[in-house]
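Chains, contacts and geometry: an overview
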Number of protein chains: 6
Amino acid sequence: MPELTAHTLVVTAHAGDFVWRAGGAIALAASRGERVTIACLTFGERGESASEWRAGRTLEEIKASRRAEAESAAGVLGAEVRFFDAGDYPLKVTDELTHELVGLYREVQPTVVLTHTLEDPYNGDHPAAARMALDARVLAGAIGYPAEGEVVGAPPVFYFEPHQPEQSGFAPEVLLDITEVWDTKRKAMECLPAQKHLWEYYTDLGRRRGVQLRRNAGPNLGFASNTYAEAFMRPYPQVTDRLA
Amino acid sequence: MPELTAHTLVVTAHAGDFVWRAGGAIALAASRGERVTIACLTFGERGESASEWRAGRTLEEIKASRRAEAESAAGVLGAEVRFFDAGDYPLKVTDELTHELVGLYREVQPTVVLTHTLEDPYNGDHPAAARMALDARVLAGAIGYPAEGEVVGAPPVFYFEPHQPEQSGFAPEVLLDITEVWDTKRKAMECLPAQKHLWEYYTDLGRRRGVQLRRNAGPNLGFASNTYAEAFMRPYPQVTDRLA
Amino acid sequence: MPELTAHTLVVTAHAGDFVWRAGGAIALAASRGERVTIACLTFGERGESASEWRAGRTLEEIKASRRAEAESAAGVLGAEVRFFDAGDYPLKVTDELTHELVGLYREVQPTVVLTHTLEDPYNGDHPAAARMALDARVLAGAIGYPAEGEVVGAPPVFYFEPHQPEQSGFAPEVLLDITEVWDTKRKAMECLPAQKHLWEYYTDLGRRRGVQLRRNAGPNLGFASNTYAEAFMRPYPQVTDRLA
Amino acid sequence: MPELTAHTLVVTAHAGDFVWRAGGAIALAASRGERVTIACLTFGERGESASEWRAGRTLEEIKASRRAEAESAAGVLGAEVRFFDAGDYPLKVTDELTHELVGLYREVQPTVVLTHTLEDPYNGDHPAAARMALDARVLAGAIGYPAEGEVVGAPPVFYFEPHQPEQSGFAPEVLLDITEVWDTKRKAMECLPAQKHLWEYYTDLGRRRGVQLRRNAGPNLGFASNTYAEAFMRPYPQVTDRLA
Amino acid sequence: MPELTAHTLVVTAHAGDFVWRAGGAIALAASRGERVTIACLTFGERGESASEWRAGRTLEEIKASRRAEAESAAGVLGAEVRFFDAGDYPLKVTDELTHELVGLYREVQPTVVLTHTLEDPYNGDHPAAARMALDARVLAGAIGYPAEGEVVGAPPVFYFEPHQPEQSGFAPEVLLDITEVWDTKRKAMECLPAQKHLWEYYTDLGRRRGVQLRRNAGPNLGFASNTYAEAFMRPYPQVTDRLA
Amino acid sequence: MPELTAHTLVVTAHAGDFVWRAGGAIALAASRGERVTIACLTFGERGESASEWRAGRTLEEIKASRRAEAESAAGVLGAEVRFFDAGDYPLKVTDELTHELVGLYREVQPTVVLTHTLEDPYNGDHPAAARMALDARVLAGAIGYPAEGEVVGAPPVFYFEPHQPEQSGFAPEVLLDITEVWDTKRKAMECLPAQKHLWEYYTDLGRRRGVQLRRNAGPNLGFASNTYAEAFMRPYPQVTDRLA
């Protein structure tokens, strides 16, 4: 079996999610020359654009500005972004949108999938996106499911960190060292000026997860003291040929 | 910081535990030329030697035979075994035994640690061994703790699979491909003739975990259909520079 | 920011739920001069009116009698009740009903919300009502969500006690002293003669939760021995300026 | 029953714990004129004084310096500190030390108790301290238990936040607004110069818990944007006469 | 009240599920002269027929062959099978299909119900079938629910073992001794030649659960060493007049 | 293998525990002509005799009165009681007491074991008793463990209901119908006049568990409306040859 090209698929609810929660993982994969495709199911036009609504912008204006920001950030990170414009607040779990995602899986043949947690009491759109990402992954692997393209293998899935981890049942199971691409992630965050208050928030989080990474890194890894990290969970077991 | 030599430390309650539960992981590390040290806290002379007691053997005879079997199996796997003769059924958590383990940590400077789960309603010796393995790991890393040798870093820990996984809160988080050393593990099992009924049992388990490994291996790994695996849990987060 | 008027919103599946599960909390708020609005999503006409079906009553007759009982009980407690007549057994989670609830949130601007648990293996209508109560709370707070009225802040939520607490993942996290309004709750229960067998059942429960309250009340509270209480859970953290 | 004087009892493993984890709660109680007594079961002389061991200091010198720092920090916060010098790494659960704590409970008659979580895979001394704090609380309330002083009521208990919350089963259940005493907490942290790297770490944490507090504060509380908070868990139900 | 005839209702997603997961329970009930009805909600035509799709078979051909296999296996076990042809991958939770199941409950008046777990990250059709089996059981017991037939009592429910138990939150709570009907279960498995690789897999599982049964069987039961078992969970409490 | 005589072993911390928590199960077994032996590890002389301490009774007087009450209640129920006088508040887990229990297991050869839950934040003596009951059960089954008598099989274990079930992780898994021996349990409770306030409390609990039993009893059991029950949990899987 020929080895598939490494390709990370990121499925998110709103246009900014991939920057805060997985910007480091995306930049790291891209820095290794791998492809990354981001599926933004909505623009976050209703639930995550409060300041623009208050400023009297129209729905279409808001969508356009969120799209532009996301494209800019994806460009900085080295990824391609696809918009599904499915409508947020609430994002609904539908057969049609799940089917579109099956098509995307079969097109890009992902080797890694990143998405939200299935639990988030502060934002129901996140679990809805994760639900469809997981369902589509299974359907895309069934030869009997009627969609274009080759069936996919079952790529490993990682949940990225929600905004309120403890209330969403999130505990770090994987700590990813993103120190070498930290500046890139920071630049991508700065493509989202409307949420400027989150820049420092997620810089703090990156540093804090970096401290935790060093604490768990074991005797050999020798991480520098200025480490940044992102945290993930695995819904499926890790497969490996070496314990480390 | 010079890179430490890879060294796996296995802390077990009874003389046979390392064969059934981690024989593949041990053989795999040894096959890469790495060192493996097994700490057997007891010989399993009371709780896991029923047939010999029924045959009227003395305590010392039973200990000697369990020791010989374990040494033989460790030799097949390519590991060194140390016996602590702390007495089983029950194995007690004591400061003295924990202190001895601190000494072993500082001596071997492990880069990976394998031990039992902290829960096992069928055999209290297993949680006792795990409790001391974990406590000693923390103490060995504190410069203020008075014991010989250099302090150790915090090596990653893996719990191996208990005999009754579902009743012990065990769910596979890591599936280790041991196909290439399967024959070695089987030979090590055959060093324990008194428990011959377990040979097939753990061969079945290895095959079943192998099937599960393939199911979770993703699109790229191309595992053959005749795969064997061992399952592990991680009490601490995985540290990595690549999601896979 | 001017302080909002205290206003408790109770979202329930069936017409009688608020009496058994939150009658004390409602009466207590009302006794302080605060407003309480109860949203009854259905009348409980199919699933909780067995005796009336056996007596050959029609659907409309049953609805009318459940409505009259609920209005009577709400009057005793000092609350206003709104009926949504969404149909029970099963109560369905729909966008339309959720939208109606968003409107109610924006109208009443609740400062506290009470609803069912998200889990109840004996009655799927309860989790359905809770699901919509929680979703509407988030949507009502998003300025981009298209509904009448001012957006709401995020009021604290309390789950009241289900009929089978242990099977519904319910453990008391908050014990509310309702001793001073107990007679009012009892009178409200007596507005539901068709479920007379529950009067003693919920009197016993109130007494038992009262005993538990005294056991947890600490050194200072001095509760009398004849205490009644209701139990609640919090899905979101408590915010306070004093540990007590 | 005369109302007891408010008195917070803080039971910690090492001399610095109360500053990082509960300095805000302590300062807040003190600022209301209430008494706070801190029980430091050890000085943290072995496990949390790495730099001093590396500098060749003796055990007694290290204990003295940890004691001086803790007294200084307690003074800033407005609390009294008692040292038990029970020896750390490992702190052992013993009948004798539990008995001493019973005496302290009966002496100070606490109305609130703060301690560690019962789970902490990075530091076994913390669960040991919590275990004894909880056991002593129950024993101190039994008239038949032979110790000096009056029996105590059952004061509410709060677990403060461990260094690795997600790995210790910690999720914020109570968010305490410490904004008004933040400067005091910061000054107390600065009494611990050997752990200067933690000043910023716990300042970040305070700010992050403050953000979370605002997110959960509901419509009425009007917290300023520059809010600091500490997080706690409750092992026992909250008793109240008002849902809020 | 006249005693109802024992009647086991098995609700499954795909045509083969009942054989692997509950073939022993079915054969055992049939061997006692009891009736067993199996509801196959789909044929498994898309998700569990990969080899036939690769061989270029049409949808109708595949359905027909799955139906024939299932009828053959049911005949061997001594049960009747009903097909609902609701479409798999994904099987959708709908009001219509739930209503059909209510009709089946009222028709067969089951005294025991077997179905899938509510959690299965590898196959969403299984939780969907379980969801409808549980909802229909509650609705069928409500006199107000408009469907033909007598209302049913609340029969005990058992979840059978999923293919990936640990990842589906499955731990054996009931171990059923199926030794005496093992040959019948094996023959039923052999009616499914397209999944021949599962014959040995489920034979191993039966043997392994049999070993576990002996380990938990207590002093009196005297099970032979060649024991086979199936594992189940109970979502509702067991009701009994004897602890054993 | 000759069938062992049915013999229930009840291991409790204090002299009154068996009456409130398992009086029905004991009376039911005795009413079938089976033997029941109760091991009271302490008299409850310190922690559960507050009124007698306040009345100025001596330790020996209190022990004697608790013993007399327990013997009287055991007589009513039809059981034999053994006292170990190990000292309560705190009851300590020791090798010596565990060894004594091993002797008791080997003497009575229990076919069923009842004990406390392993978790109880209100009373540490209960988990201590349970811990020793479980450890002794395993040790008594090991031929190598040096104690008098024949090794025992592994009898099923049931945890009875603690006083604060929800805070002790207790959810009913088995509901035992004790209606026919209810009067006997009530008489046994009345042998404990010092805790008269608990008579009604546990009568209410018995009635409430009885209501729950009827709700879960299924279509066939026909329980009368005046049903009493006790609730239990199983730490080990149930072994059966019939699903019901």
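Residues numbered from 1 in each chain as written. Chains lettered and ligands numbered in written order. Predicted model: local features only at pLDDT ≥ 70, side-chain atom pairs only at ≥ 80, totals over all residues. Heavy atoms only, no water.

Description of the overall build of chain A
Defined as follows: Numbering goes from the N terminus for both helices and strands, where a helix is a DSSP run of H or I of at least four residues and a strand is a run of E of at least two. The globule rule used here is 2.2 Å times the number of residues to the 0.38 power, and the radius of gyration it is set against is calculated over C-alpha atoms. The accessible surface values rely on the Shrake-Rupley method and a 1.4 Å probe; as for residues, cover is taken only from the protein chains in view. When charges are counted, Lys and Arg are positive and Asp and Glu negative, with His and the chain ends excluded. For charged residues, the charge sits on one atom: NZ in Lys, CZ in Arg, CG in Asp, CD in Glu.
Broken down by element type, chain A carries seven helices and eight strands. The C-alpha atoms of chain A give a radius of gyration of 18 Å, which matches the 18 Å a tight globule of 244 residues would have. Its C-alpha atoms give chain A principal-axis dimensions of about 55 × 50 × 35 Å. Only carbon and sulfur atoms are counted for the fraction: they give 49% of the accessible area of chain A, which is about 8700 Å². Where the 25 positive side-chain charges of chain A centre and where its 34 negative ones centre are 5 Å apart.

A look at the relation of the copies chain E and chain F
Quick reminder of the rule: C-alpha atoms of residues with pLDDT of at least 70 in both copies form the basis for the least-squares superposition of the copies. Contact criterion: two residues are considered in contact whenever any of their non-hydrogen atoms come within 4.5 Å of each other.
Least-squares fitting of chain E to chain F yields an RMSD of 0.0 Å, with the superposition described by an axial translation of 0.0 Å and a rotation of 180°. Interpreted geometrically, this transformation is the action of a two-fold axis. When the interface residues of chain E are mapped onto chain F, 100% of them again lie at the interface, so the same face is used by both copies.

Quick word on the arrangement of the chains
Contact between chain B and chain C is absent, and the least distance between their C-alpha atoms amounts to 19 Å. The two units chain D and chain E are non-contacting; their minimal C-alpha-C-alpha distance is 19 Å.

Observations concerning the interface of chain E and chain F
Note the following rule: Accessible area, probed at 1.4 Å, shrinks when two parts are joined; the buried area is that loss added up over both. We count a salt bridge whenever a side-chain nitrogen from Lys or Arg sits within 4 Å of a carboxyl oxygen from Asp or Glu. Any pair of N or O atoms that falls within 3.5 Å is considered a polar contact. Within protein, one atom must be able to donate a hydrogen and the other to accept it, and sequence-neighbouring residues count only if both atoms are side-chain atoms. Think of it as three bins: nonpolar holds Ala, Val, Leu, Ile, Met, Phe, Trp, Tyr, Cys and Pro, charged holds Asp, Glu, Lys and Arg, and polar takes everything else, Gly as well.
Each partner contributes residues to the interface: chain E has 44 residues there, and chain F has 44 residues. For the pair chain E and chain F, the summed buried surface comes to about 3600 Å²; carbon and sulfur atoms form 59% of the total. Applying the counting criterion to the chain E and chain F interface returns two salt bridges. Counting across the interface, chain E meets chain F through 14 residue pairs in polar contact (both at pLDDT 80 or more). Elements with a minimum of two residues in the side of chain E that touches chain F: helix 1 (17-31), strand 4 (112-115), strand 6 (174-177), helix 7 (197-215) and strand 8 (238-240) of chain E. Counting residues per element, the side of chain E that touches chain F draws most heavily on strand 6 of chain E, at four residues. Grouping the amino acids of the side of chain E that touches chain F by side-chain chemistry returns 27 nonpolar, eight polar and nine charged.

Thoughts on the pattern of salt bridges
In plain terms, the rule: Buried, partly exposed and exposed residues are distinguished by accessible area as a fraction of the type maximum, computed with a 1.4 Å probe on protein chains only: under 20%, between the cut-offs, and over 50%, respectively.
Enumeration over the complete set of coordinates arrives at 126 salt bridges over all chains. Of the charged contacts in the structure, one is a salt bridge between F:E200 and F:R186, with a shortest N-O distance of 3.0 Å. Remark: F:R186 occurs in helix 6 (residues 182-189) and F:E200 occurs in helix 7 (residues 197-215); sequence separation between them is 14 residues. Taking relative accessible area as the criterion, F:E200 reaches 44% and is therefore assigned partly exposed. If you follow the salt bridges from partner to partner, you end up with A:R35, A:E80, A:R82 and A:E107 in one network.

Section: the relation of the copies chain C and chain D
Both copies of the chain are related by a screw-like operation: a rotation about an axis and a shift along it. Overlaying chain C on chain D yields an RMSD of 0.0 Å, the required transformation being a rotation through 180° with an accompanying axial translation of 0.0 Å. Interface overlap between copies: 100% of the residues of chain C at the interface are likewise at the interface in chain D, consistent with a symmetric, same-surface contact.

Some details on the interface of chain C and chain D
The following threshold applies: Whether two strands pair depends on DSSP finding at least two bridges between them.
In this assembly, 44 residues from chain C lie in contact with 44 residues from chain D. Both sides together, the interface formed by chain C and chain D hides about 3600 Å², and carbon and sulfur atoms give 59% of it. Between D:E34 and C:R242 there is a salt bridge whose closest N-O contact spans 2.6 Å. On the surface where chain C and chain D come into contact, there are 15 residue pairs in polar contact (both at pLDDT 80 or more). Elements with a contribution of two residues or more to the side of chain C that touches chain D: helix 1 (17-31), strand 4 (112-115), strand 6 (174-177), helix 7 (197-215) and strand 8 (238-240) of chain C. In terms of residue count, the dominant contributor to the side of chain C that touches chain D is strand 6 of chain C (four residues). Taken together, the residues of the side of chain C that touches chain D break down into 27 nonpolar, eight polar and nine charged. Direction of pairing for strand 8 of chain C relative to strand 6 (residues 174-177) of chain D: parallel, over a ladder of three bridges. From the neighbouring strand, C:T240 faces strand 6 of chain D, where its bridge partner is D:L176.

Overview of unusual backbone geometry
Residues E:Y89 and E:P90 are joined by a peptide bond in cis, for which omega reads 5°. Note on placement: E:P90 falls in the loop between strand 3 (80-83) and helix 4 (95-108). Phi is positive for B:D85, which is not a glycine, with a value near 45°. Residue classification places B:D85 among the partly exposed positions, given a relative accessible area of 39%. Positioned with a positive phi, B:Y89 is a non-glycine residue whose angle comes to about 50°. Along the chain, B:Y89 falls in the loop between strand 3 (80-83) and helix 4 (95-108). Looking at B:Y89, the relative accessible area reads 8%, which means it is buried.

Some points on the packing of helix 6 (residues 182-189) of chain C against helix 7 of chain C
All names here are of chain C. As a reminder of what qualifies: Here an axis means a line fitted to C-alpha atoms, over the contact stretch when the element is a helix, while the angle between two N-to-C directions is reported on a 0 to 180 degree scale. Any angle between 65 and 115 degrees counts as roughly perpendicular, while under 35 counts as roughly parallel, over 145 as roughly antiparallel, and the rest as oblique. Each crossing gets its hand from how the near helix is turned against the far one by less than a right angle, where anticlockwise is left-handed and clockwise is right-handed.
Between helix 6 and helix 7, whose axes approach to 10 Å, the crossing angle comes to 155°. Judged on the interaxial angle alone, helix 7 and helix 6 are roughly antiparallel. Here helix 6 and helix 7 pass one another in a crossing that is right-handed. Contacts between helix 6 and helix 7 pair W182, R186 and M189 from the former with W199, E200, Y202 and T203 from the latter.

Description of the sheet that holds strand 8 (residues 238-240) of chain A
Spatially, the eight strands line up as an open sheet ordered 8(A)-6(B)-7(B)-5(B)-4(B)-1(B)-2(B)-3(B), and their pairing is mixed. Of all the strands in the sheet, the pair left with one neighbour each is strand 8 of chain A together with strand 3 of chain B. The sheet shows a mean angle of 25° between the axes of neighbouring strands, direction not considered. Pairing of strand 1 (residues 7-12) of chain B with strand 4 (residues 112-115) of chain B, which is carried by four bridges, proceeds in the parallel orientation. Bridge pairing in strand 4 of chain B places B:V11 opposite B:T115.

Remarks on the environment of D:Y236
Residue and element names in this part refer to chain D. Counting through the fold element by element, Y236 comes out in the loop between strand 7 (229-233) and strand 8 (238-240). You can call Y236 buried: its relative accessible area is 7%. As a C-alpha pair, Y236 and E52 span 184 residues in sequence and 39 Å in three-dimensional space.

Digging into the pairing of strand 7 (residues 229-233) of chain B
Residue and element names in this part refer to chain B. Burial within strand 7 is extensive, with five of its five residues counted as buried. Bridge count between strand 5 (residues 157-160) and strand 7: two bridges; the pairing is antiparallel. Bridge pairing in strand 7 places F160 opposite F232. Here strand 6 (residues 174-177) pairs with strand 7 via four bridges, running antiparallel. Bridge pairing links V174 to F232 in strand 7.

What about the packing of helix 1 (residues 17-31) of chain F against helix 6 of chain F?
Residues and elements named next belong to chain F. The N-to-C vectors of helix 1 and helix 6 enclose an angle of 140°; their axes lie 9 Å apart at closest approach. Here helix 6 runs oblique to helix 1, going by the angle between their axes. Here the hand of the crossing between helix 1 and helix 6 comes out right-handed. Contact residues: V19, W20, G23, G24 and A27 in helix 1; T184, K185, A188 and M189 in helix 6.

Observations concerning the confidence of the model for chain A
Selection rule: Per-residue confidence from the predictor is given as pLDDT, running between 0 and 100.
Counting all residues, the mean pLDDT for chain A is 94, and 96% of those residues have values of 70 or more. Among the scores for the predicted complex, ipTM is 0.94 and pTM is 0.96.

Description of the sheet that holds strand 6 (residues 174-177) of chain F
The strand order 8(E)-6(F)-7(F)-5(F)-4(F)-1(F)-2(F)-3(F) describes an open sheet built from eight strands, whose pairing is mixed. With one partner strand each, in any of the chains shown, strand 8 of chain E together with strand 3 (80-83) of chain F form the two edges of the open sheet. Direction aside, the axes of adjacent strands within the sheet are offset by 25° on average. Those strands touched by helix 1 of chain F are strand 1 (7-12), strand 2 (35-40), strand 4 (112-115), strand 5 (157-160), strand 6 and strand 7 (229-233) of chain F, and its axis lies near 105° from that of strand 7 of chain F.

Brief notes about the environment of F:G24
Residue and element names in this part refer to chain F. Turning to its location among the elements, G24 is positioned in helix 1. On the accessibility criterion, G24 (0% relative accessible area) is buried. Along the primary structure G24 and S49 are separated by 25 residues, whereas in three dimensions their C-alpha atoms are 24 Å apart. Once residues lying within four places of it in the same chain are set aside, the contact partners of G24 are I178, V181, K185 and E230.

Focus on the side chain of C:T42
Residues and elements named next belong to chain C. With respect to the element layout, T42 can be found in the loop between strand 2 (35-40) and helix 2 (50-54). Assessed through its relative accessible area of 1%, T42 is described here as buried. Leave out the neighbours within four places in its chain, and T42 touches A13, H14, A15, A86, G87, D88 and L91.

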